[in-house]
Amino acid sequence: MSAGSNLRSADQFLCSICLDVFTDPVSTPCGHNFCKTCITHHWDDNVLYKCPICQEMFYTRPQLKVNTFIREMVSEFRREAQQKSSSSSSEQQAAEPGEVPCDVCTGTRLKALKSCLVCLLSYCETHLEPHLTASRLKRHQLVEPVENLEDRICTKHNKPLELFCKTDQTCVCTLCPVLDHKNHEFVPLREEYEGKKAELQKTEAEIQQMIQKRRLKIQEIRASLKISNDAADREKAEGVQVFTDLKESVERRLKEFMKEVEDKQKTTEKQAEDFIKDLEQEICELKKRSSEVEQLSRSEDHLHLLQRFSSLEDAPPTKNWTEVRVHPPSYEGTVVRAVEQLEKNLREKMKKLLEADVTLDPDTAHPELVLSDDGKQVYDGGVKKNLPDNPERFSTCHSVLGKQSFSSGRFYFEVQVKGKTDWTLGVARESINRKGGITASPQNGYWTVILRNGNEYAALAGPPVRLHPSSPPEKLGVFVDYEEGLVSFHDVDAAALLYSFTGCSFREKLHPYFNPDLNGGGKNSAPLIICPVNQTV
């Protein structure tokens, strides 16, 4: 066997109790190996006979025999280690800052390989050799190099700290239980070490779990932030479009307003110009007659004056301008009408902007519900269809959700309820219970309004709130503002608010919710119809 292979498997020759190379190695029935002295002392200190490694219980103390094969392997390993020590001692490195130096080296102090808890000294590879070969030193407890070895010695009895006092929660030597800690509970350091190590591992697992939860929370927050950013981008894009349309609409209405005023003004100007033209024409003719009259009046010819007088006596054909007026056009209400038309256009654009294109999700529909091909109508067919009972499907309540979900912003949809005696409408959380009986309330994730018996309206606010519309609504509008926590219901035709849920805390996706209720022998056979917002059904 080569020295290289021995050294590569050096851990195979270390006793897990003393952490040193085996001395008289023995094997337990479970197959683990220890120094004979180490396992003997270990079992002497314990009532139960357990394997220190796998904790297997032996009901009778096993009879241990030296494992000659392992002993020969250990002897070969020691020889190879000594040869390596002698050939590489010149190659050992000096202790660097932060490393434990050898306490025996003179001059340059080499890096310590082990510390002895009996000698209270640390040894480099060369000076450690006696502890590996001398039978008396083999019994010493070697550990990984540590500083301040005196801290591992009982200050009262000058002995190694080998026990743990569970009563006082402190490390003690073998004399402390007799002299200073009478009637206290003691365990070997290793046993307490294993217990504390298990606790630390548990604590570490809990810390890692806490870290993981916080990482998941970071992911959740980042996801929410992304949703928020995406919503902000969409909102800005929609806002730019709306205000661009609004600007164009304002400019268009301004042009129409200006044209209306200018057309009226041009009509008035044309009328005034025509009047002025006629007046100027008459003035011209009157001036001509005045000149003729003046010349005739100066004539000394009696005959000529009398002959011309009869032709000038008749007044020229002129209008009676006494009642003629140029009436300024009336502009009253022109601005008001222009603004009203602008407001109407704006309302239509806002309504169109908020409108959600809702369609029914057949995967959620109760088996007795009948959905139209376009996913816009639903009614109770009275016959239960053979459909897969998937987790999304309502099993007892005659309900169906909208395919679309909303987790930010505002949305609005309208539903025709004309001709029905019973229905439930609103929105619901994505995580609602869909199996068995359902109590619709905000606490259970439902924000709904209902009709029962043809004339009993209520908002299921838990407890329900009775509603008293002025007339039975034929079309219901549902408006949701996710960030404001608002769900409001409107009578579309009467333009009246029926009820608002306010201060809602939405933490997940919302879906439109529809329940056309039972057919009722044909009395409630009319469907619920999702209507386009700008179209009258």
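The text that follows walks through the structure, step by step, so that each part is easy to find. Quick caveat, the model's predicted, so the values are computed rather than measured.

## What to know about the overall build of the protein chain
And step 1. Helices and strands together make up the secondary structure of the protein chain, namely nine helices and 23 strands.
And step 2. Against the compact-globule benchmark of 24 Å for 537 residues, the protein chain has a radius of gyration of 52 Å, which places it well outside the compact range.
And step 3. If one aligns the C-alpha atoms of the protein chain with their principal axes, the spans along those axes are about 180 × 75 × 50 Å.
And step 4. Out of the 537 residues in the protein chain, the part that is buried amounts to 33%.
And step 5. In the protein chain, once contacts between residues fewer than 6 apart in sequence are set aside, the share between residues at least 24 apart is 57%.
And step 6. Surface accessibility of the protein chain: about 33600 Å² in total, with carbon and sulfur atoms responsible for 52%.
And step 7. Here the protein chain contributes 71 positive and 81 negative side-chain charges, whose respective centroids are spaced 6 Å apart.

## Comments concerning the nonpolar core
And step 1. Counting residues in hydrophobic clusters, the biggest one holds 37 residues, and the most contacted among them are Trp-423, Phe-501 and Phe-514.
And step 2. Apart from residues no more than four positions distant in its own chain, Phe-501 is found in contact with Pro-442, Trp-447, Thr-448, Ala-459, Leu-460, Ala-461, Gly-485, Leu-486, Val-487 and Phe-489.
And step 3. Counting 18 residues, the second largest nonpolar core, distinct from the first, contains Val-21, Phe-22, Leu-64 and Phe-77.

## Brief notes about the sheet that holds strand 8 (residues 163-165)
And step 1. Spatially, three strands are ordered 9-8-10 in an open sheet, and the strand pairing comes out antiparallel. Looking at which strands have only one partner, the edges of the open sheet turn out to be strand 9 (170-172) and strand 10 (186-188). The sheet shows a mean angle of 35° between the axes of neighbouring strands, direction not considered.
And step 2. Of the strand pairs in this sheet, strand 8 and strand 9 are connected by three bridges, and their pairing is antiparallel. Paired with Cys-165 across the bridge in strand 9 is Thr-170.

## Some details on the sheet that holds strand 13 (residues 400-401)
Each strand in a sheet pairs with another by means of backbone hydrogen bonds, the pair being arranged parallel or else antiparallel.
And step 1. Read across the sheet, six strands follow the order 13-22-15-16-17-18 without closing on themselves; strand pairing throughout is antiparallel. Each edge of the open sheet is held by one strand with a lone partner, namely strand 13 and strand 18 (465-467).
And step 2. With four bridges connecting them, strand 16 (residues 446-452) and strand 17 (residues 456-459) associate as antiparallel partners. Each residue of the ladder has a partner; that of Ile-450, found in strand 17, is Ala-458.

## With respect to the pairing of strand 19 (residues 475-481)
And step 1. Strand 19 sits mainly inside the fold: seven of its seven residues count as buried.
And step 2. Alternating residues of strand 19 divide into Lys-475, Gly-477, Phe-479 and Asp-481 and Leu-476, Val-478 and Val-480, and every residue in both groups is buried.
And step 3. Relative to strand 19, strand 14 (residues 410-416) is paired through seven bridges, and the arrangement is antiparallel. Considered in strand 19, the bridge of Tyr-412 is made with Phe-479.
And step 4. Sheet topology places strand 19 next to strand 20 (residues 486-491); six bridges connect them, and they run antiparallel. When the sheet's bridge partners are listed, Val-478 is paired in strand 20 with Phe-489.
And step 5. Turn length for the strand 19-strand 20 hairpin, with the two strands adjacent in sequence and antiparallel, is four residues, and the turn residue Gly-485 shows positive phi of about 65°.

## What about the packing of aromatic side chains?
And step 1. For the structure on display, the rule yields twelve aromatic pairs.
And step 2. When the centroid spacing of 6.1 Å and the interplanar angle of 70° are considered together, the rings of Trp-43 and Tyr-49 count as edge-to-face.
And step 3. Residue class for Trp-43 comes out buried when judged on its relative accessible area of 2%.
And step 4. The class of Tyr-49 is partly exposed, set by a relative accessible area of 22%.
And step 5. When the centroid spacing of 3.8 Å and the interplanar angle of 15° are considered together, the rings of Phe-406 and Phe-411 count as stacked. Comparing Phe-406 with Phe-411, the two get one shared label, buried.
And step 6. Members of the aromatic cluster, each reached through a chain of ring pairs, are Trp-43, Tyr-49 and Phe-58.

## Points about a nonpolar patch on the surface
And step 1. On the surface, Leu-175, Val-178 and Leu-179 cluster together into a nonpolar patch covering about 260 Å² of accessible area.
And step 2. Mapped onto the elements, Val-178 comes out in helix 6 (residues 176-179).
And step 3. Among the residues examined, Val-178 registers a relative accessible area of 54% and is labelled exposed.

## Focus on the layout of surface pockets
And step 1. Taken as a whole, the largest pocket spans an internal volume of roughly 1800 Å³.
And step 2. Along its surface, the largest pocket is lined by 48 residues, and Ile-17, Gln-141, Glu-162, Pro-188 and Arg-190 are the ones closest to its centre.
And step 3. The set of elements that each furnish at least two residues to the lining of the largest pocket consists of helix 2 (36-44), helix 5 (135-138), strand 8, strand 10 and helix 7 (189-297).
And step 4. Among the residues forming the lining of the largest pocket, the class breakdown is 24 nonpolar, ten polar and 14 charged.

Cut-off values and rules
- Residues numbered from 1 in each chain as written.
- Predicted model: local features only at pLDDT ≥ 70, side-chain atom pairs only at ≥ 80, totals over all residues.
- Heavy atoms only, no water.
- Helix = DSSP H or I, 4+ residues; strand = E, 2+ residues; numbered from the N terminus.
- Rg over C-alpha atoms; globule rule 2.2 N^0.38 Å.
- Buried < 20%, exposed > 50% of the residue type's maximum accessible area, 1.4 Å probe, protein only.
- Contact = heavy atoms within 4.5 Å.
- Areas by Shrake-Rupley, 256 points an atom, 1.4 Å probe, with all protein chains shown as cover.
- Lys, Arg positive; Asp, Glu negative; His and termini not counted.
- Charge placed at Lys NZ, Arg CZ, Asp CG, Glu CD.
- Core = buried A, V, L, I, M, F, W, Y, C linked by side-chain atoms within 4.5 Å.
- Pairing = 2+ DSSP bridges.
- Axes fitted to C-alpha atoms, helices over the stretch in contact; angles between N-to-C directions.
- Phe/Tyr/Trp six-rings, centres within 6.5 Å; stacked < 30°, edge-to-face > 60°.
- Patch = residues over 30% accessible without salt bridge, like charges linked within 9 Å, V, L, I, M, F, W, Y side chains within 5 Å.
- Salt bridge = Lys/Arg side-chain N within 4 Å of Asp/Glu carboxyl O.
- 1 Å grid on protein atoms, 1.4 Å probe; cavity = no way out; pocket = protein on both sides within 12 Å on 5 of 7 lines; lining within 4 Å.
- Points joined across faces, edges and corners; volume = space filled by probe spheres on them.
- Nonpolar A, V, L, I, M, F, W, Y, C, P; charged D, E, K, R; others polar.

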